[in-house]
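If you want the building blocks of each chain, they are given just below.
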Amino acid sequence: MRNATLTCLLLLTATTLMAQSRQDRQTILATLDRQTADWNAGNIDAFMNGYWESDSLMFVGKNGVTYGYQNTYQGYLKRYPDRATMGTLKFDILHLSFPGKGVAFIVGKWHLTRPEAGDVGGHYTLLWRKMKGKWVIVCDHTS
């Protein structure tokens, strides 16, 4: 009887964790889909809603490390001042995992189709944390 109870408890815990991960995965992917739509609509303000609004946000790009939500936002505005340079964004997810409770890690590819400015693309890694019930990007390394 005790073994059966323990087995049921373990199965229930595993099922709950899998359901949570499935829901978290869907939420994160939906955020990336929304960010893509916001970018493709030319709305960098809305695109930034996926990021952690904190001075501790970290963005790593070809020019080094940028700290802070506002600095990251200003960097996007500087690099993409108009629709021609923004182009049309496409994300491809290569890997998505949950290495710890409330933590997600993504590796992917990005591509901007830009008929006027020339296409560009590369890879990215995103570290996400679930804070106050919301998944946010706390570190973005884009190359």
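Within any chain, residue numbers begin from 1 and follow the written order of that chain's sequence. Where totals are concerned, whole chains, interfaces and linings use all residues; where local detail is concerned, this predicted model gives features only for residues with pLDDT of at least 70, and gives and counts side-chain atom pairs only at 80 or more. As a convention, hydrogens and water are excluded, and side-chain values are obtained from all of the structure's heavy atoms.

## Here's the deal with the overall build of the chain
Starting at the N terminus, helices and strands are each numbered in turn, a helix being any DSSP run of H or I of at least four residues and a strand any DSSP run of E of at least two. Within the chain, the secondary structure is distributed over four helices and six strands. The N-to-C order of helical and strand elements in the chain reads α-α-β-β-α-α-β-β-β-β. Looking at the chain residue by residue over its 143 residues, the buried ones come to 33%. In the chain, 47% of the contacts between residues at least 6 apart in sequence involve partners at least 24 apart. Per-residue and other accessible areas were derived by the Shrake-Rupley procedure at a 1.4 Å probe size, with only the shown protein chains allowed to occlude residues. Looking at the chain as shown, the accessible area adds up to about 8,900 Å², and 57% of this sits on carbon and sulfur atoms. Burial status follows relative accessibility: with a 1.4 Å probe on protein chains alone, a residue under 20% of its type maximum counts as buried, one over 50% as exposed, and anything between as partly exposed. We call two residues in contact when some of their heavy atoms are within 4.5 Å.

## Description of the sheet that holds strand β2 (residues 64-67)
The pairing criterion is simple: DSSP has to find at least two bridges between the two strands. Reading across from one edge, β2-β1-β6-β5-β4-β3 is the order of the six strands in this open sheet, with mixed pairing throughout. Whereas interior strands pair on both sides, the edge strands pair on one side only; in this sheet they are β2 and β3 (88-100). Strand-to-strand twist across the sheet, computed as the mean angle between neighbouring axes with direction ignored, equals 25°. Alignment of β3 against strand β4 (residues 103-113), held across 10 bridges, turns out to be antiparallel. Axes here refer to lines fitted to C-alpha atoms; in helices the fit is confined to the stretch in contact. Angles between the N-to-C directions go from 0 to 180 degrees.

## Points about the packing of aromatic side chains
Only centres within 6.5 Å qualify two rings of Phe, Tyr or Trp (six-membered ring in Trp) as a pair; their planes then separate them into stacked at under 30 degrees, edge-to-face at over 60, and tilted for everything else. Overall, the coordinates contain 10 aromatic pairs when judged by the stated rule. In this scheme, the term charge over a ring applies when either NZ of a lysine or CZ of an arginine sits within 6 Å of the ring centre and within 35 degrees of the ring normal. One Lys or Arg, R79, reaches over the ring of Y76 and ends 5.0 Å from the middle of that ring.

## Some details on the confidence of the model for the chain
Each residue carries a pLDDT value, the predictor's own confidence for that position, ranging from 0 to 100. Per-residue confidence for the chain averages 89 on the pLDDT scale, and 86% of its residues sit at or above 70. Confidence over residues 2-19 falls short of pLDDT 50; this stretch has zero contacts with residues more than four positions distant or in other chains.

## Quick notes on helix α3 (residues 69-79)
Where α3 is concerned, the buried positions are Y69, T72, Y73, G75 and Y76. The arc enclosing the buried residues of α3, seen along the axis, measures out at 160°, which places them on a common side. Working definition: the arc comes from the directions between the helix axis and the C-beta atoms, pointing outward to the latter.

## Focus on the pairing of strand β6 (residues 134-142)
Pairing of strand β1 (residues 58-61) with β6, which is carried by three bridges, proceeds in the parallel orientation. By the bridge assignment for β6, V60 is matched with H141. In the sheet, strand β5 (residues 120-131) pairs with β6 via eight bridges, with the strands oriented antiparallel. By the bridge assignment, R129 is partnered in β6 with V136.

## Regarding the pattern of salt bridges
Take a side-chain nitrogen of Lys or Arg and a carboxyl oxygen of Asp or Glu: if they are within 4 Å of each other, that pair is a salt bridge. Tallied over the entire structure, the rule returns three salt bridges. Close ionic contact of R34 with D38 constitutes a salt bridge, the shortest N to O distance being 2.6 Å. With a gap of four residues between them, R34 and D38 both fall in helix α1 (residues 2-40), about one helical turn apart. By relative accessible area, R34 is classed as partly exposed at 30%. Of the charged contacts in the structure, one is a salt bridge between K90 and D92, with a shortest N-O distance of 2.5 Å.

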